[in-house]
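Observations on the model geometry
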Amino acid sequence: MLAEILKTYPLHNIGINIILTHLSFSVEKLAFTGTVSSKFQLLPPGLSLVLRSGANTWSFRSVSNEDRLVFEGDIPTKDLSRDVSLTILFNNIQCLWMEMRLDLKPLDDVAQWSSYFSGCKKLLPDLNLGRLAKRISASAEVVYAVKPSGRYDSFCEYVKRPDFVVGMARLRRYGRFPAIIAEEDGFVLASRLVSAWNILMIQDAGQRLFVFQGVTSCDAVFIPGLNTLIIVCHISQKQILSCLRQLSHTPEFFQHDKPGSFLGYLVGHSRPYHCNYDSLLALQHIREEGELLSDDPLFSKSDEAFVDLGSGLGLAQEHQIQCKSELNQMTEAQNGYLLKVGFWFWCNQKPVIRSFELASIVDSSLRDCATFNSCLASSGALEFMEECQPLLWVGITGQKRCWLEQVEGTADILNTLYQYYPKLGVVFDGWTPPLTSSDYHRMEARKDNEVIQAIIKKLSFRKNGRFGILAGLPLLEKIRVGMSVDLFMANYTTGSINVARICRKPGVGHMSRRMAEHKSQHIHYRTREIDPQLVKDQGDLQTLAGYIDYSLPWQAIYNQLVEILAELNVEPSRPVDALPMPIDI
C-alpha cells in the first residue's frame, strides 16, 4: 500500500519548519512522526496538527522530545478516505502543510477482501467474490464444530445445542445474534436468501461476518476478515463459496453497516425430513420458551412449507408463504432481516430427550389439524378405504435409496396377503409436495405413480380390490389417511415419517445396511426392522448412505407384516404360515 505525498507547503510565515521523519501506511493504519524546528522558543501544547480525510478530522498535540517538539499519531485505515490533508494550528492560525493521496491498488485481492470486512469499508469498492472464491477457499482456516479447537470452542459447543435457537430468538428483541468471536453478542445488519440458505451479515467484535442458515439456525459461519470458516452441519465449503459468488451479484448487500430490524421468523425446509425434524421442532421449542409472540411474523419460502403453521400448530399469527425474490425484496425495502428457525436434531448421532418431547407435541397438533381439516375425510372418499380390514399403507420410493425389488416384491407381498385377507385395502404413498407445488414436484409425483401403477398391474385382485394413491397429496391429507390405516410397509427413513412417526402406526421399515448405521436420525414408535443380514447394498463405499439402493427378499417383509396382523387381532380367512427365505441369500 502506498501513501503518496502530493504537495508540501512552507510554514515560514509562522516561523517553523517540520520534517516528516516517519510515514507508514498499511491495511491496519496510517502512522506518522514529524519533528518541529523553530526560531522561536515553542512550548507544548501550543502547537498542534490537524489531519482531515473525507468527513473525519483528527487533532494531535505536539509533545516535547529532548530539545524538540514532535508530532506522532496513527489512524485506522478503515476510517480514512483516499485524500488526506495535514494542517498546522499555531496561535489560532491554520496553515496547510501537506496533502497526500492513499493508493490501495497494491493490496492483494484476498487482503482487500479481508480488510473490507474487518472494517476498512473503503478498501474494496469493486467487490468480485466470484473471482476470489477459489483463492479464498484455498487459504481459509476451516474449523469444524464437531471437533472445535481454539478461540471458537465456546461458540461451537453452544451452536450444537437445541437451546441455541432459543438464545437466537431471545436476542431478536435487541437486533442481536449470539456472540461468535468475542463475549459480546453481535448486531444483525441484514439477511438475504441465496440458493437454499438464509444468509445473515452480522457485526461481531469489529468484524462483519456471515451466518448461513439452512437446516439449522447456524449451519456455518464465514469470517472474511480473519479468513476463517466455521462449519457446523449440513453444508459444504463448495456450497458456501457458491453462495458468496451469488451474493457478489448484489454488492449493495455488503454495504449495510447499521443494525437492521427483525422482520420475522423463517420456518421450513425443502426436504420433508429437515422440515419436520429440525425446523418445526425448533419452532415449538422457542414457542414453549415464550419467544414466539403473537406479533412475531412467520414466513416460509414457497418450496419449504408443507403445512400451514397457523392451523397445523394452532398459532395465532398468519403463516405467510412467499417466493425467495419476494422475501428478499421485503428485507431490502424495510432494512430488516429474517431469522431461520432450526436445530440439529441428529447432533453427534445423539438426539436429546427434549427433541422427542417436542416431536410428540408437534405430531399431536398435526394429527388434530388433519382430523378437522382433511378434504379427503370431509368428501367421504376415505370411508370407502376405512371399511377394509386390514388397511395397509405401502410406501413407494421412485427417487433415491430404493428397494430394488419394490415392484415385483410389493406385488408378491400383496398378492399373498390377499389370499388370507380378502378384505385387504392398500394405500400407496409417494412424493410429498409443499403447499405451493411446481412442475418439479408434479414430475416427481408422476415418477412414483408410475411405480405404483406397475405394481397394481401385477396384482391378482386389481379388478375387485380397493386402492388409494397418496403420491402428490399434501402432508395433512397423508396424516389423515395414516390415522386410519392398520399397519404399513415403507422405507425406514423419510418415506415413513407420516405413518410411523406422526401417526405412530405399527409396520415394517426397510433400508440399506449403511443407512441402518444412521437410523437414530428418525423417530419410530412401533416399527419393525428387517434383519441387516438379509439386505444387500448397491454401490461402493464412496456412495453416501442416503443414496444407496438395496436388495432384500420380499418374504422378510411379508413375515413381519403377518406377525403384526396377528398382534392387531386381524383374523385371516385361513391359517397363515411364515414363508421361508430364498436359499441364495
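In what follows, the structure referred to is the one given above.
Residues numbered from 1 in each chain as written. Predicted model: local features only at pLDDT ≥ 70, side-chain atom pairs only at ≥ 80, totals over all residues. Heavy atoms only, no water.

Quick notes on the overall build of the protein chain
- Assigned secondary structure in the protein chain consists of 17 helices and 28 strands.
- By the compact-globule yardstick of 25 Å for 585 residues, the protein chain is too spread out, its C-alpha radius of gyration being 33 Å.
- Seen along its three principal axes, the alpha-carbon backbone of the protein chain occupies a region of about 120 × 50 × 40 Å.
- When each of the 585 residues of the protein chain is scored for burial, the buried share is 55%.
- For the protein chain, long-range pairs separated by at least 24 residues make up 66% of all intrachain contacts whose partners lie at least 6 apart in sequence. (Helix = DSSP H or I, 4+ residues; strand = E, 2+ residues; numbered from the N terminus. Rg over C-alpha atoms; globule rule 2.2 N^0.38 Å. Buried < 20%, exposed > 50% of the residue type's maximum accessible area, 1.4 Å probe, protein only. Contact = heavy atoms within 4.5 Å.)

Some points on the pairing of strand 16 (residues 228-231)
- Of the two faces of strand 16, the one holding T228 and I230 and the one holding L229 and I231 are both buried throughout.
- Strand direction decides the pairing type here: strand 10 (residues 141-144) and strand 16, joined by 4 bridges, are parallel. The residue bridging Y144 from the neighbouring strand is I231, located in strand 16.
- Where strand 15 (residues 220-223) folds back onto strand 16 in an antiparallel hairpin, the turn is made up of 4 residues, including N227, whose phi is positive at roughly 50°. (Pairing = 2+ DSSP bridges.)

Some points on the packing of helix 12 (residues 406-420) against helix 17 (residues 554-567)
- Interhelical geometry of helix 12 versus helix 17 gives an angle of 35° and a closest axis separation of 9 Å. Classified by chirality, the crossing of helix 17 by helix 12 is right-handed. Two secondary-structure elements touch here, helix 12 through G409, D412, I413, T416, L417 and Y420 and helix 17 through W554, I557, Y558, L561, V562 and L565.
- The residue inventory of the contact of helix 12 with helix 17, partitioned by class, reads 9 nonpolar, 2 polar and 1 charged. (Axes fitted to C-alpha atoms, helices over the stretch in contact; angles between N-to-C directions. Left-handed = near helix turned anticlockwise from the far one by under 90°. Nonpolar A, V, L, I, M, F, W, Y, C, P; charged D, E, K, R; others polar.)

Considering the side chain of Q213
- Secondary-structure assignment places Q213 in strand 14 (residues 207-213).
- Note on Q213: relative accessible area 0%, which makes it buried.
- In this structure the side chain of Q213 is engaged in a polar contact, spanning 2.9 Å, whose partner is the backbone oxygen of S217.
- Those residues in contact with Q213 that lie beyond four places of it in its chain are M168, F177, A196, W197, N198, L200, C218, D219, L338, L339 and K340. (Polar contact = N/O pair within 3.5 Å; in protein donor to acceptor, adjacent residues only side chain to side chain.)

Quick word on unusual backbone geometry
- Between Q389 and the following residue, P390, the backbone shows a cis peptide bond with an omega angle of 5°.
- Looking at the secondary structure, you find P390 in the loop between helix 11 (381-386) and strand 21 (391-395).
- At A205, a position not held by glycine, the phi torsion is positive, near 55°.
- If you trace the backbone, A205 turns up in the loop between strand 13 (197-204) and strand 14.
- Positive phi is not limited to glycine here, since N335 has a value of about 50°.
- The residue N335 is located in the loop between helix 8 (324-333) and strand 20 (336-340) in this model.

Regarding the side chain of Q207
- As for its position among the elements, Q207 is in strand 14.
- Given the relative accessible area of 11%, Q207 is considered buried.
- Not counting the four nearest positions on each side in its chain, Q207 is found in contact with F117, S118, I181, I202, I223, G225 and L226.

Thoughts on the environment of L263
- Tracing the backbone through its elements, the reader meets L263 in strand 17 (residues 261-266).
- A sequence separation of 72 residues divides L263 from N335, and the C-alpha atoms of the two residues are 9.1 Å apart.

Points about the environment of Y547
- Along the polypeptide, Y547 turns up in the loop between strand 27 (536-537) and strand 28 (550-551).
- Each C-alpha atom, one on Y547 and one on R52, is 62 Å from the other, the two residues being 495 residues apart in sequence.

Notes on the nonpolar core
- With 64 residues, the main nonpolar core has Y265 and L283 as its most contacted residues.
- Considering every element that reaches this core, the biggest residue donor is helix 6 (residues 272-288), with 8 residues.
- If sequence neighbours within four positions are ignored, L283 has contacts with V267, L292, L298, L309, L313, L315 and V341. (Core = buried A, V, L, I, M, F, W, Y, C linked by side-chain atoms within 4.5 Å.)

Considering the sheet that holds strand 16
- With respect to topology, 7 strands assemble into an open sheet ordered 10-16-15-14-13-12-11, the strand pairing being mixed. Strands at the two margins of the open sheet, each flanked by one partner only, are strand 10 and strand 11 (176-177).
- By the bridge criterion, 7 bridges tie strand 12 (residues 186-194) to strand 13 in an arrangement that is antiparallel. Each residue of the ladder has a partner; that of F187, found in strand 13, is Q203.

Overview of the sheet that holds strand 19 (residues 319-322)
- Sheet architecture is open: 4 strands sit in the order 19-18-17-20, paired in parallel fashion. Looking along the sheet, the strands with just one partner apiece sit at the ends: strand 19 and strand 20. Averaged over all pairs of adjacent strands, the angle between their axes in this sheet comes to 40°, without regard to strand direction.
- By the bridge criterion, 5 bridges tie strand 17 to strand 20 in an arrangement that is parallel.

Some points on the pattern of salt bridges
- For the structure on display, the rule yields 21 salt bridges.
- Note that R501 and D363 form a salt bridge whose closest N and O atoms lie 2.7 Å from each other. One end of the pair, R501, is in helix 15 (residues 497-502); the other, D363, is in helix 9 (residues 353-373), and 138 residues separate them in sequence. Across the pair, exposure class does not vary: R501 and D363 are buried alike. (Salt bridge = Lys/Arg side-chain N within 4 Å of Asp/Glu carboxyl O.)

Honestly, it's all geometry; don't read function into it.
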